[in-house]
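# Remarks on the overall topology
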Amino acid sequence: VRGSDANLRHEAVAGIRKILSVEKMPPIQQVLNTGVAMDLINILRDNRTMSKTQFEACWALTNIASGTSADTAALVKMGAVDVFIAHLR
């Protein structure tokens, strides 16, 4: 996710999204514990990032937000709401 190769970065972000997309017991807390949520937010902030990678990052973040209220609050504290709003404009 933090690498400079755009294709590898996309694959990593898509992989995180797929991990978070499982129906039963997605590992939201484990993903939050890795710190990768901030990386996903930063991907959305970076206008140079491929749009398909930003799409995957957004999807992964919404999967995190669909967890517990504490999971959602963690994203709010990281500034995800402002980033989502910016992408809606």
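Presented here is an overview of the structure given in this document. (Residues numbered from 1 in each chain as written. Predicted model: local features only at pLDDT ≥ 70, side-chain atom pairs only at ≥ 80, totals over all residues. Heavy atoms only, no water.)

Looking now at a nonpolar patch on the surface. Among the surface-exposed residues, Val76, Val81 and Ile85 lie close enough to one another that they form a single nonpolar patch of about 220 Å² accessible area. As for its position among the elements, Val81 is in helix H6 (residues 80-88). (Patch = residues over 30% accessible without salt bridge, like charges linked within 9 Å, V, L, I, M, F, W, Y side chains within 5 Å. Areas by Shrake-Rupley, 256 points an atom, 1.4 Å probe, with all protein chains shown as cover. Salt bridge = Lys/Arg side-chain N within 4 Å of Asp/Glu carboxyl O. Helix = DSSP H or I, 4+ residues; strand = E, 2+ residues; numbered from the N terminus.)

Packing of helix H3 (residues 36-45) against helix H4 (residues 51-65) brings their axes to within 9 Å, and their N-to-C directions diverge by 140°. As far as their axial angle goes, H4 and H3 are oblique. Relative to H4, the crossing made by H3 is left-handed. Here Ala37, Leu40, Ile41, Ile43 and Leu44 of H3 come into contact with H4, specifically with Thr53, Gln54, Ala57, Cys58, Ala60, Leu61 and Ile64. Split into classes, the residues belonging to the contact of H3 with H4 amount to ten nonpolar, two polar and no charged. (Axes fitted to C-alpha atoms, helices over the stretch in contact; angles between N-to-C directions. Parallel < 35°, antiparallel > 145°, perpendicular 65-115°, else oblique. Left-handed = near helix turned anticlockwise from the far one by under 90°. Contact = heavy atoms within 4.5 Å. Nonpolar A, V, L, I, M, F, W, Y, C, P; charged D, E, K, R; others polar.)

Next up on the list: unusual backbone geometry. Positive phi, normally seen in glycine, also occurs at Met25, with a value near 55°. Here Met25 shows up in the loop between helix H1 (6-20) and helix H2 (28-34). Residue class for Met25 comes out exposed when judged on its relative accessible area of 77%. (Buried < 20%, exposed > 50% of the residue type's maximum accessible area, 1.4 Å probe, protein only.)

Applying the stated rule across the entire model yields one aromatic pair. Considering the side-chain rings of Phe55 and Trp59, the 5.7 Å spacing of their centres and the 70° angle between planes classify their relative orientation as edge-to-face. Separated by four residues within a single helix, Phe55 and Trp59 lie in helix H4, roughly one turn from each other. Taking the relative accessible area as the measure of exposure, Phe55 reaches 53% and is therefore exposed. Taking relative accessible area as the criterion, Trp59 reaches 34% and is therefore assigned partly exposed. Above the plane of the ring of Trp59 lies Arg17, whose end atom (NZ or CZ) is 4.0 Å from the centre. (Phe/Tyr/Trp six-rings, centres within 6.5 Å; stacked < 30°, edge-to-face > 60°. Lys NZ or Arg CZ within 6 Å of the ring centre and 35° of its normal.)

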